[in-house]
Amino acid sequence: MSTQRVLFTILVIWVITTTTLALYYYQETRRLQKMCEELSKVKEEYEKSLIFVNILINYGNGTIVWYNNTILLRGATAFDAIRREAKVNWTKGAYGVFIKAIDGAVGNTTHGWVFAVYNRKEKSWGMSTEVDKWVYPGVSVDKVILKDGDIIGFLYYNWAKKGWPPPPPNIK
């Protein structure tokens, strides 16, 4: 075999190999682009199903804790939110969920947990009380459906001594 034939054969093999590899990588690139587009659509749909809320817990002893940008599914309640961030002891009665304790701070005959939503009021919340833009809903914590960006506060409060309405939950 002559040198020219060997070089020609090598050139043909190189052209076939590089063409095959180029075609393979082109097809893989198209497949990956399509997957990325599909994942982007799934991500958009997933993000539409999420809300972000900020949660304040005032333990009534000077301790105030914020849980910012808590992620919840759209349709979640204030009860879902507090259970996501704290250990909650609760019971369910005729009017809904009653919070008995949050993180070991237990209600008693003079103290208990109240909650408020900042700067938002809904008719479905019944007879609500507003104090400095904090709205204490007239329904139980499991009846308040949250919206993206809501701020909710939980306050351990001495209602026997201080009466109603409570102060804003963010007091020191």
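Just so it is clear, the structure is predicted and the values come from calculations on it, not from any experiment.

A. Structural view of the packing of aromatic side chains. Tallied over the full model, the rule gives 6 aromatic pairs. The interplanar angle of 90° and the centroid separation of 5.9 Å between the aromatic rings of Tyr59 and Trp113 together place this pair among those described as edge-to-face. Remark: Trp113 occurs in strand 6 (residues 111-118) and Tyr59 occurs in the loop between strand 1 (50-58) and strand 2 (64-73); sequence separation between them is 54 residues. Ring pairs connect the aromatic residues Tyr59, Trp113 and Tyr156, which therefore count as one cluster.

B. Seen up close, the side chain of Asn58. Tracing the sequence through the fold places Asn58 in strand 1. For Asn58, a relative accessible area of 3% gives the class buried. Reaching out from Asn58, the side chain makes a polar contact with the backbone oxygen of Pro169 at a distance of 2.9 Å.

C. Structural context of the sheet that holds strand 5 (residues 105-106). The sheet built from 3 strands is open, its strands ordered 3-4-5 with antiparallel pairing. Each edge of the open sheet carries a strand with a single partner, namely strand 3 (88-93) and strand 5. With 2 bridges connecting them, strand 4 (residues 96-102) and strand 5 associate as antiparallel partners. Considered in strand 5, the bridge of Ala101 is made with Val106. Against the sheet, helix 2 (residues 78-85) makes contact with strand 3 and strand 4, and its axis sits at roughly 155° relative to strand 3, the strand it touches most.

So, how was this worked out
Residues numbered from 1 in each chain as written. Predicted model: local features only at pLDDT ≥ 70, side-chain atom pairs only at ≥ 80, totals over all residues. Heavy atoms only, no water. Phe/Tyr/Trp six-rings, centres within 6.5 Å; stacked < 30°, edge-to-face > 60°. Helix = DSSP H or I, 4+ residues; strand = E, 2+ residues; numbered from the N terminus. Buried < 20%, exposed > 50% of the residue type's maximum accessible area, 1.4 Å probe, protein only. Polar contact = N/O pair within 3.5 Å; in protein donor to acceptor, adjacent residues only side chain to side chain. Pairing = 2+ DSSP bridges. Contact = heavy atoms within 4.5 Å. Axes fitted to C-alpha atoms, helices over the stretch in contact; angles between N-to-C directions.

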